[in-house]
2 protein chains.
Amino acid sequence: MNVLIVHAHPESQSFTAALRDQAVSTLRAQGHQVQVSDLYAMSWNPLASAADFCERENPDYLVYALEQRLGAKKHSLAADIQQELDKLLWADLLILNFPLYWFSAPAILKGWIDRVLVSGVCYGGKRFYDQGGLAGKRALVTVTLGGREHMFGEGAIHGPLEDMLRPILRGTLAYVGMQVLPPFVAWHVPYISQEARQALLDSYHERLQSLSDDLPLQFPKLAQFDDRLYPL
Amino acid sequence: MNVLIVHAHPESQSFTAALRDQAVSTLRAQGHQVQVSDLYAMSWNPLASAADFCERENPDYLVYALEQRLGAKKHSLAADIQQELDKLLWADLLILNFPLYWFSAPAILKGWIDRVLVSGVCYGGKRFYDQGGLAGKRALVTVTLGGREHMFGEGAIHGPLEDMLRPILRGTLAYVGMQVLPPFVAWHVPYISQEARQALLDSYHERLQSLSDDLPLQFPKLAQFDDRLYPL
């Protein structure tokens, strides 16, 4: 299996980085190929802009998704985007590894999503959800956060974490066709002991070893909707 | 009323920019003070990093929220953050004006949220939701998107738009204590006629004129939870 880990944390010694390293070693020990995109270390540019296209369909007015489609077809996407897109297309499993900032991805990772999930390749027209361009691949979201587990769930103060993660799990990863596995969540990280951190790393190791047994989350299928996307 | 509009679109002639201009003129005509942060025009840096702090509580290991608290107290936040934070504290109403990218904010706006909603000022400890540091202010999310209205809602292919916007509406704006108004949504923008666009601008104008009548969305209140944030 080919695995791409996209890692986004501004502190290179963070526990989130330890989770990344755990994933690399566990997955390599199982014989998988692993690449890591360490966005802060790469000085990844998160800004979707006109500079992302060497050629333009319309040089006077930027419609980002339209230029992505042309760029993908003519291989005229900016080099940093093409490089990440190549890694993504190579991967059977994508792991997004990040600390929860405002119940979502840090901007640098959002900018990887904005720029790399290129229209015309990853989705486009009626190619989304189970018909998405990345169908056949799997995705795992691995997050660290300050909150405790009892603050999430039905009736809890923040509601279910999966609901907060909906734009990523459903609106992004499932949208492009990936099978989205239940997230791996490291709770309360800034406040716990070294022992508790080690226990989290151990449980991540176990989870990664049995990933093929995981049942993916369920999302809509296009066959449940008509041509205009009204429910059948 | 003081209004801050945070605008994030890579195309200066976009319809999203027309909505920004509509808000400026409608609100000024009503006698309100309006400031605009045009993030692309400002070349806003969206990356949360160690460079955001002129002094460090711990120079060897970055805990971002911890350094925010020190930075706010000692006025040692990076100048670009302090400038935006001052605008935010000045404002009675915050408008986030952006195109929906992956059912959420473009990275440049996510980076404004990550860096400007500073711990110790906007939230911290038990100061969140109705007890948040920005209690008393109101917030409006104005989004443009390609999808049609019938693709959102209960049973629709993408589910309710408010559910996709949960990390922004609840996890960010309500979290820091703001009264969050129902979003203004411009559907199907890339595909509609000039007349339909004008109709959207007109309806935005009307909405903004009667904003004080709007009932804010409902979110949890801290009094519904005990000291450890278990539901009472």
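Up top is the structure.
Let me begin by describing the structure that accompanies this report. Numbers given for residues are sequential positions, taken from 1 along each chain in its written order. A letter from A marks each chain and a number from 1 marks each ligand, given out in the order of writing. With the structure being a predicted model, the display of local features is reserved for residues of pLDDT at least 70 and the display and counting of side-chain atom pairs for 80 or more, all residues being used for whole-chain, interface and lining totals.

## A short note on the overall build of chain A
Here is step 1 of the chain: A count of helices and strands for chain A gives 7 helices and 6 strands.
Here is step 2 of the chain: For helices the rule is a DSSP run of H or I covering at least 4 residues; for strands it is a run of E covering at least 2, with both sets numbered from the N terminus onward. Walking chain A from its N terminus toward its C terminus, one meets helices and strands in the order β-α-β-α-α-β-α-β-α-α-β-β-α.
Here is step 3 of the chain: For chain A, the spread of C-alpha atoms along the three principal axes comes to 55 × 45 × 35 Å.
Here is step 4 of the chain: Exposed residues have 12 or fewer other C-beta atoms within 10 Å of their own C-beta, buried residues have 20 or more, and partly exposed residues fall in between, where C-beta atoms are placed from the backbone. Split into buried and exposed, the 232 residues of chain A put 46% on the buried side.
Here is step 5 of the chain: Expressed as a percentage of contacts within chain A between residues at least 6 apart in sequence, the contacts between residues at least 24 apart total 78%. Distance between backbone-placed C-beta atoms decides contact: two residues are in contact if it is within 7 Å.

## Comments concerning the interface of chain B and chain A
Here is step 1 of the chain: Listed by partner, the interface residues are 40 residues for chain B and 40 residues for chain A.
Here is step 2 of the chain: Considering every element that reaches the side of chain B that touches chain A, the biggest residue donor is helix α4 (residues 107–116) of chain B, with 6 residues.
Here is step 3 of the chain: Just so you know the grouping, Ala, Val, Leu, Ile, Met, Phe, Trp, Tyr, Cys and Pro go in nonpolar, Asp, Glu, Lys and Arg go in charged, and all remaining residues, Gly too, go in polar. By residue class, the composition of the side of chain B that touches chain A is 27 nonpolar, 8 polar and 5 charged.

## Observations regarding the environment of Arg138(A)
Residue and element names in this part refer to chain A.
Here is step 1 of the chain: For Arg138, the location among the structural elements is in strand β4 (residues 138–144).
Here is step 2 of the chain: Here the alpha-carbon distance between Arg138 and Glu162, two residues 24 residues apart in the chain, equals 17 Å.
Here is step 3 of the chain: In this view, Arg138 contacts Asp92, Leu93, Met178, Gln179 and Leu181; residues no more than four positions away in its chain are not counted.

## As for helix α6 (residues 166–174) of chain B
Here is step 1 of the chain: In terms of residue burial, α6(B) counts as a mostly covered element, since 9 of its 9 residues are buried.
Here is step 2 of the chain: Regarding α6(B), the residues found buried are Arg166(B), Pro167(B), Ile168(B), Leu169(B), Arg170(B), Gly171(B), Thr172(B), Leu173(B) and Ala174(B).
Here is step 3 of the chain: Those residues of α6(B) that are buried lie in contact with α5 (161–164) and α6 (166–174) of chain A together with α4, β4 (138–144), α5 (161–164) and β5 (179–180) of chain B.

## So, the relation of the copies chain B and chain A
Here is step 1 of the chain: The copies are overlaid by a least-squares fit using only the C-alpha atoms of residues whose pLDDT is at least 70 in both copies. Relative to chain A, chain B is turned by 180° and slid 0.0 Å along the rotation axis, the superposed coordinates differing by an RMSD of 0.0 Å. On the angle and the small slide along the axis, the relation comes out as a two-fold axis. Across chain B, the smallest distance between a C-alpha and the rotation axis is recorded for Ala107(B), namely 2.4 Å.

## Here's the deal with unusual backbone geometry
Here is step 1 of the chain: With a phi close to 55°, Trp102(A) is a non-glycine residue in the positive phi region.
Here is step 2 of the chain: Here Trp102(A) shows up in the loop between β3 (93–99) and α4 (107–116).
Here is step 3 of the chain: Phi at His75(B) is positive, roughly 50°, even though this residue is not glycine.
Here is step 4 of the chain: By the secondary structure assignment, His75(B) is in the loop between α2 (64–74) and α3 (79–90).

## A word on the pairing of strand β3 (residues 93–99) of chain B
Residue and element names in this part refer to chain B.
Here is step 1 of the chain: The buried count for β3 comes to 7 of 7 residues, which makes it a mostly enclosed element.
Here is step 2 of the chain: Side chains Leu93, Ile95, Asn97 and Pro99 project from β3 onto one buried face, and the interleaved Leu94, Leu96 and Phe98 project onto a second face that is buried too.
Here is step 3 of the chain: Note that strand β1 (residues 2–7) and β3 share 5 bridges and pair parallel. What sits directly across from Ile5, in β3, is Ile95. Two strands are counted as paired when DSSP detects at least two bridges linking them.

## A look at the pairing of β1(B)
Two faces belong to every sheet, and in a regular strand the side chains alternate between them.
Residue and element names in this part refer to chain B.
Here is step 1 of the chain: Most of β1 is tucked away, with 5 of its 6 residues classed as buried.
Here is step 2 of the chain: Where β1 and strand β2 (residues 33–38) come together, 6 bridges link them in parallel fashion. Counterpart to Val3 in the pairing with β2 is Val34.

## Some thoughts on the packing of helix α3 (residues 79–90) of chain A against α4(A)
All names here are of chain A.
Here is step 1 of the chain: Every axis in this analysis is a line fitted to C-alpha atoms, fitted for helices over the stretch in contact. Angles between the N-to-C directions lie between 0 and 180 degrees. Viewed as axis vectors pointing N to C, α3 and α4 meet at an angle of 85°, and their least axial separation amounts to 10 Å. Classified by the angle their axes make, α3 and α4 are roughly perpendicular. Between α3, through Ile81, Glu84, Leu85 and Leu88, and α4, the contact on the second element is made entirely by Trp112, Arg115 and Val116.
Here is step 2 of the chain: In terms of residue class, the contact of α3 with α4 is built from 5 nonpolar, no polar and 2 charged. Here roughly perpendicular refers to angles of 65 to 115 degrees, roughly parallel to angles under 35, roughly antiparallel to angles over 145, and oblique to all remaining angles.

## Thoughts on the packing of helix α1 (residues 15–29) of chain B against helix α7 (residues 194–209) of chain B
Residue and element names in this part refer to chain B.
Here is step 1 of the chain: Interhelical geometry of α1 versus α7 gives an angle of 35° and a closest axis separation of 10 Å. The chirality of how α1 crosses α7 is right-handed. Of the residues in α7, those in contact with Phe15, Ala18, Leu19, Gln22, Ala23, Thr26 and Leu27 of α1 are Arg197, Leu201, Tyr204, His205, Leu208 and Gln209.
Here is step 2 of the chain: Residue composition of the contact of α1 with α7, grouped by class: 8 nonpolar, 4 polar and 1 charged. Should the near helix be turned counterclockwise from the far one by less than a right angle, the crossing is left-handed, whereas a clockwise turn marks it as right-handed.

Purely spatial values, then, with no claim about function.
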